[in-house]
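# A structural walkthrough
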Amino acid sequence: MSFSQADNARQYGNVSKIAARARLHTLYTIAETGWFPWVRQQLPLVDTTSLLDVGCGPGWFWTSCGPLPGNLDLTLVDRSATMVSEAVERCAARSFRHVGGEVTDAARLSFADASFDGVIAMHMLYHVEKPLEAIREMARVLKPGGFLAVTTNGRGNMRELYELTAVLGAAPMDPSAAVFGFAEAEDTMRQVFGEVSIHKHPSRLRVTEPEDVFMAMTSYPPCEDAGEDALKAFRQAIEVAFAQGGGVIESSHERGLFLARKPL
Ligand SMILES: C[S@@+](CC[C@H](N)C(=O)[O-])C[C@H]1O[C@@H](n2cnc3c(N)ncnc32)[C@H](O)[C@@H]1O
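Note that the coordinates shown come from a computational prediction; the quantities given were computed from them, not determined experimentally. (Residues numbered from 1 in each chain as written. Predicted model: local features only at pLDDT ≥ 70, side-chain atom pairs only at ≥ 80, totals over all residues.)

Attention now moves to the site of the ligand. The environment of the ligand is made up of 21 residues, and the closest members are Gly-55, Gly-57, Ala-106, Met-122 and Met-124. Every element with two or more residues in the shell around the ligand is listed here: helix H1 (8-12) and helix H4 (60-64). (Near = placed C-beta within 6 Å. Helix = DSSP H or I, 4+ residues; strand = E, 2+ residues; numbered from the N terminus.)

Structure, rendered in structure tokens:
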């Protein structure tokens, strides 16, 4: 199975799988500024009051990104009802002016034209069948002058870890970036907005716990579907790599943010 819409319930019906991946990034990212605070620094939040987060997941961004303006009306949407309720509950604990949530598909947003000052779609467009249509939909609900911020992974993301998945018959590449990586993000946003600015998070991974690699990499397709023998071989490959690295795996990390504005 690939990154299709069909496996959304399996992936995001609860937080266990996304949490296994988040653990890898949270514990082992080496960066001057962590991912979520760095994303917030890129967002043009001055003069922004109404914000839409598409594919909000559990809403971790909003409670981990650092200081935010106090006057934000935040709308959280996701295909998964579990994610929407988690995110709304989590964000209600922060001092937003208003927090709302809705189960909505990115391809058919249930909002009127020109409803929001800003829209963000973080690490979700690789799940959408037609990302260009979803970006057009996000542009539709933006007010003139409003911004869209999209984040995704580059094709070299975690290359050293994906190389280990070769024993499972998987391509040695981040499957999300293979579907909607940096090139696709730039191209689709240019088609809709004309101009797009590209920001790459300076970071790398330094992983010290083999089990965290195993749990993260087997939390999604194609490794999620591997049989028992293949998984045993994968564990061995991870152990060998850790032994060769003196108890550590150093890995590349490619995450980026693409920012555009709707013309006035
Ligand atoms: C990798 S998570 C990202 C969560 C969050 N944006 C973040 O960066 O932490 C992807 C989220 O997109 C949601 N999603 C997938 N396809 C979607 C669609 N067509 N419309 C809305 N949400 C979708 C999933 O349910 C999941 O919560």
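That was the structure; now back to the text.
A separate point is the pairing of strand S2 (residues 50-54). Most of S2 is tucked away: 5 of the 5 residues are buried. Side chains of S2 alternate between two faces, with Ser-50, Leu-52 and Val-54 and Leu-51 and Asp-53 buried alike. Where S2 lies against strand S3 (residues 73-78), 5 bridges are found, and the strand directions are parallel. Each residue of the ladder has a partner; that of Ser-50, found in S3, is Asp-73. (Buried ≥ 20, exposed ≤ 12 C-beta atoms within 10 Å, placed from the backbone. Pairing = 2+ DSSP bridges.)

The next subject is the packing of helix H6 (residues 131-141) against helix H9 (residues 182-193). Taken N-terminus to C-terminus, the directions of H6 and H9 make an angle of 45°; their axes are 10 Å apart at the nearest point. What the angle tells us is that H6 and H9 run oblique. Taken as a pair, H6 and H9 cross one another with a handedness that is right-handed. Contacts from Pro-131, Leu-132, Ile-135, Arg-136 and Ala-139 in H6 reach Glu-184, Thr-188, Met-189, Gln-191, Val-192 and Phe-193 in H9. Tallied by class, the residues present in the contact of H6 with H9 amount to 7 nonpolar, 2 polar and 2 charged. (Axes fitted to C-alpha atoms, helices over the stretch in contact; angles between N-to-C directions. Parallel < 35°, antiparallel > 145°, perpendicular 65-115°, else oblique. Left-handed = near helix turned anticlockwise from the far one by under 90°. Contact = placed C-beta atoms within 7 Å. Nonpolar A, V, L, I, M, F, W, Y, C, P; charged D, E, K, R; others polar.)

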